[in-house]
Amino acid sequence: MILSFENVSFSYNKHSILKNASFTMDSNEFLYLIGPSGSGKTTVIKLIYMDLMPQSGVVAIGEFNSQFMKERYIPMLRRKLGIIFQDFRLLTDRTVEENLSFVLHSINSPKKEIKKKIFNALSLVGLTHKRNAYPNELSGGEQQRIVIARAIINDPILILADEPTGNLDPDTSNQIMEILKDINARGTAVLVATHNYELVKKFPSNVLQIKNEQITGVKINSDLPFQLPQ
Ligand SMILES: Nc1ncnc2c1ncn2[C@@H]1O[C@H](COP(=O)(O)OP(=O)(O)OP(=O)(O)O)[C@@H](O)[C@H]1O
Ligand SMILES: [Mg+2]
């Protein structure tokens, strides 16, 4: 198990998002988190990388636990997560390679290792030839692939992808999903928050749904035809 929510409650002032919500995620799982706009998907992602803390209950990721979390542990937790935001957030004044080494430099990796890690990450998203380009010289889909490369470069235990295909056309969205599936097939847990049910249908996997302040699992075997929850 890589992640668990145990009786988690969270609200913004009086606006309750989760009430005693529980779920678990296995360490090799590919999981969707679905729910309509405003249901709390991004909030759940933020609770996982501990940008937000639950008002009651426990969020546990790997060896980290919200109950025992101290401010100074948070960077350690985030280093173990690959976070892909709704908007891209690449550094616009740095090349692709610099955007990637930036993340590695922060943990003092040796130079040779940096080169190798950057090459491996760019290979996985098929963009080694763009390593010297600046973000504004890349298409939206290419930028999103760089964001994915950046997310995997430190061998995270869990990838959190918040609407990773949000602004992309269907072909590019498929490409992004295939990359995320590929990362999962190599053994990394991937959680994708989305309201794009078409994507879930096209790339079937287990689904969690936020509804009535609860997170309920809809376990789906990818070999079987399945129905999405209503
Ligand atoms: N910082 C905040 N302060 C107060 N309310 C907030 C805050 N952030 C989000 N909310 C509210 O909480 C609810 C859930 O927001 P959240 O961003 O988690 O939804 P979402 O499921 O990710 O939606 P979308 O699909 O549009 O991204 C929304 O009603 C939103 O307005
Ligand atoms: Mg959101």
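Residues numbered from 1 in each chain as written. Chains lettered and ligands numbered in written order. Predicted model: local features only at pLDDT ≥ 70, side-chain atom pairs only at ≥ 80, totals over all residues. Heavy atoms only, no water.

(A) View of helix α6 (residues 170–185). Between its terminal C-alpha atoms α6 stretches 22 Å, which fits the 22 Å expected from 16 residues at 1.5 Å a residue. Restricting attention to buried positions, one finds in α6 the residues Thr172, Ser173, Asn174, Ile176, Met177, Ile179, Leu180, Ile183 and Asn184. For α6, the N-terminal capping position is held by Asp169, with its side-chain oxygen 3.1 Å away from the main-chain nitrogen of Asp171. Of the residues flanking the end of α6, it is Gly187, one or two places downstream, whose phi is positive at about 110 degrees. (Helix = DSSP H or I, 4+ residues; strand = E, 2+ residues; numbered from the N terminus. Expected span 1.5 Å × (residues − 1). Buried < 20%, exposed > 50% of the residue type's maximum accessible area, 1.4 Å probe, protein only. Polar contact = N/O pair within 3.5 Å; in protein donor to acceptor, adjacent residues only side chain to side chain.)

(B) Summary view of the packing of helix α5 (residues 140–152) against α6. Here α5 crosses α6 at 15 degrees, and the two axes come no closer than 10 Å. By the angle class used here, α5 and α6 are roughly parallel. Here α5 and α6 pass one another in a crossing that is right-handed. Contact residues: α5 offers Gly141, Gln144, Arg145, Ile148 and Ile152, while α6 offers Thr172, Gln175, Ile176, Ile179, Leu180 and Ile183. (Axes fitted to C-alpha atoms, helices over the stretch in contact; angles between N-to-C directions. Parallel < 35°, antiparallel > 145°, perpendicular 65-115°, else oblique. Left-handed = near helix turned anticlockwise from the far one by under 90°. Contact = heavy atoms within 4.5 Å.)

(C) Looking closely at the sheet that holds strand β2 (residues 15–25). Judged by pairing direction, the sheet is antiparallel, and its four strands sit side by side in the order β2-β1-β4-β5 without closing on themselves. Sheet topology places β2 and β5 (64–65) at the edges, where each strand pairs with a single neighbour. Sheet analysis places strand β1 (residues 3–12) next to strand β4 (residues 56–61), joined by five bridges and oriented antiparallel. Bridging across to β4, Leu3 finds its partner in Ile61. The sheet contacts of helix α1 (residues 41–48) involve β1, β2 and β4, and relative to β1 the element is tilted by about 120 degrees. (Pairing = 2+ DSSP bridges.)

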